[in-house]
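Listed here are the chains, written in short residue letters.
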Amino acid sequence: MTQARSTRKRNHMDQAISPAVAARHRRRTIAAIAVGLALVCGAAWGVHRYASPSASAHDIAVAEVRRGDIANSISATGVVVPEREETVPSPIPSRIAHVHAKPGQQVAAGELLLTLDDSSVRVAIASLNEQLAQQENRMAGLRVELEQKRKQTRAAIELLELDLQSARAKLNRSQLLRKAGGISGEDMLTAELNVQRIEVQLRQQREFIDDTARVNASSIADARLQKAILQKQLDQQLLLQRQTEVRAPFAGMLTSVAADEGAAVVTGQALAKVADLQHYRVEATVSDFHARRLASGLAVQVEHNGQPLAGRVHTVLPEIRDGKVTVLATLDQPSHPLLRNRMRVDVRIVTDRKQGVLLADNGAAFNGQGRQQGYVLRGGVAHKVMLDIGASDGKAVEIVAGAQAGDRLIISDISRYKEHDTLRITN
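We now turn to the structure provided with this report. (Residues numbered from 1 in each chain as written. Predicted model: local features only at pLDDT ≥ 70, side-chain atom pairs only at ≥ 80, totals over all residues. Heavy atoms only, no water.)

### Side note on the nonpolar core
Right, so step 1: Residues Val302, Val347 and Ile349 are the most contacted members of the largest nonpolar core, which totals 22 residues.
Right, so step 2: Going through the elements one at a time, β3 (66-82), β12 (280-287), β13 (299-304), β14 (307-321), β15 (324-331) and β16 (344-361) are the ones with two or more residues in this core.
Right, so step 3: Contacts of Val302, omitting those with residues within four sequence positions, involve Val282, Gln307, Pro308, Leu309, Leu331, Val345, Asp346 and Val347.
Right, so step 4: If you look at the next biggest cluster of nonpolar residues, it comprises 18 residues, including Val88, Ile96, Val99 and Leu116. (Core = buried A, V, L, I, M, F, W, Y, C linked by side-chain atoms within 4.5 Å. Buried < 20%, exposed > 50% of the residue type's maximum accessible area, 1.4 Å probe, protein only. Helix = DSSP H or I, 4+ residues; strand = E, 2+ residues; numbered from the N terminus. Contact = heavy atoms within 4.5 Å.)

### Structural notes on the sheet that holds strand β5 (residues 94-99)
Right, so step 1: In space, the four strands of this open sheet follow the order β8-β7-β5-β10, with antiparallel pairing throughout. Looking at which strands have only one partner, the edges of the open sheet turn out to be β8 (245-247) and β10 (264-265). (Pairing = 2+ DSSP bridges.)

### Things to note about the packing of helix α3 (residues 119-180) against helix α4 (residues 185-243)
Right, so step 1: Packing of α3 against α4 leaves a shortest axis separation of 8 Å and a crossing angle of 170°. Judged by the angle between their axes, α3 and α4 are roughly antiparallel.
Right, so step 2: Considered class by class, the residues forming the contact of α3 with α4 number 28 nonpolar, 18 polar and 18 charged. (Axes fitted to C-alpha atoms, helices over the stretch in contact; angles between N-to-C directions. Parallel < 35°, antiparallel > 145°, perpendicular 65-115°, else oblique. Nonpolar A, V, L, I, M, F, W, Y, C, P; charged D, E, K, R; others polar.)

### Observations concerning empty space enclosed by the protein
Right, so step 1: What the rule picks out here adds up to one cavity of 30 Å³ or more.
Right, so step 2: Counted as a void, the largest cavity has a volume near 30 Å³.
Right, so step 3: Of all the elements in the fold, those that place two or more residues in the lining of the largest cavity are α3 and α4.
Right, so step 4: Among the elements that take part in the lining of the largest cavity, α3 stands out by supplying four residues, more than any other.
Right, so step 5: Looking at the lining of the largest cavity residue by residue, the class counts come to three nonpolar, two polar and two charged. (1 Å grid on protein atoms, 1.4 Å probe; cavity = no way out; pocket = protein on both sides within 12 Å on 5 of 7 lines; lining within 4 Å. Points joined across faces, edges and corners; volume = space filled by probe spheres on them.)

### A few points about the side chain of Thr244
Right, so step 1: Here Thr244 shows up in the loop between α4 and β8.
Right, so step 2: Discounting residues that sit within four places of it in the chain, Thr244 has contacts with Pro91, Ile92, Leu114, Thr115, Leu116 and Asp118.

### So, the environment of Ser90
Right, so step 1: On the secondary structure map, Ser90 appears in the loop between β4 (85-89) and β5.
Right, so step 2: With relative accessibility at 2%, the residue Ser90 sits in the buried group.
Right, so step 3: Ser90 sits 153 residues away from Gln243 along the chain, and the two C-alpha atoms are 8.1 Å apart.
Right, so step 4: Apart from residues lying up to four places away in sequence, Ser90 is in contact with Leu116, Val265, Val266, Thr267, Gly268, Gln269 and Leu271.

### Remarks on α3
Right, so step 1: An ideal rise of 1.5 Å per residue puts 92 Å on 62 residues; α3 measures up with 91 Å between its terminal C-alpha atoms.
Right, so step 2: Of the residues one or two after α3, Gly181 is the one with positive phi, at around 80°. (Expected span 1.5 Å × (residues − 1).)

### Description of the sheet that holds strand β6 (residues 106-107)
Right, so step 1: One open sheet holds the four strands; their spatial order is β4-β11-β9-β6, and the pairing between them is antiparallel. This sheet does not close on itself; its edge strands, each paired only once, are β4 and β6.
Right, so step 2: Here β6 runs beside strand β9 (residues 252-257); their pairing, made up of two bridges, is antiparallel. Within β9, the position partnered with Val107 by the bridge is Gly252.

Pasting the structure below:
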């Protein structure tokens, strides 16, 4: 009986599995495999989600790469100052005698602002006038002296000429007597020597007139030079006396004035300052790193509260202080109503312009020029790329390499993710 059951079992196992059963087994196997794959993918996605950083789309700024024109420029800080401002210094050590104007007052050109005590100047002027009078008297005395010597010398010459005529007449008689043997040779020699002596005296008197005239002319020239020096000193003192009346150098606003009457002042001390508050320029400071790129004539863009003003570099001061170079810029509209004295502005100095280059809006993600890390956004994932940044005008930067037109770059600061090659952007 046992043998019969074994035979029936073996016969049953040897029977073929029906197609329906086989299909059912296959479906079960495929379903099990699909569930397993789903579990594996879900686990991988969960691990990836946990390991890969993410950032909210609301926390980042994105800009599209485009083609356009850009002006390469240097950033600077600036302050608006009057185009014309002048400080009036004290010409002498003195005291303030009287103040005629107040700070903030509009003044006309030449208007009296304050008066200094000029007593010391008046004393100097009186002394110089006395010295000038002395030089005039000296020159007059030299001229009189010269004329007297000329008269005396001419009289002496006239007497010597008469003596010479008499001596020559005696010499002629002596010559005739000598031929007749009426006088000795010694008397003849005496007559000849007498003529020669008078001729020498006459020549000396004539030379004395010329020498006296030269000496006297030199003395007069010296006196004239001294007079000219004194006159210059007098003119200077007269100028100082006029400057003790401190006047406005041009029409404008009196921004400051020494207001303490009786206060002592020293030479060069600022007494008043007048500014033309209708016309302005900009004084900007730039890092000395850019000093070689600065030059007169470069275009300038000045901006305050979003309002742009154009201008040009007028002067680049040669002195460097605390690592800064000072640039003076004139404005195309120096009387623009936006401008105010001592107002701070943003300044960009344009060094060159580029056309048809790849651009992106500027942002904290960019750090100057050169190669640097950036992120391109594709399908909700930011991928790390190496960008080559070129020119910048403050609002946009040039993308030299690393991105193409149409790419979307993250321009906000995500430096905290710089170690990751990808960054998920969530809504």
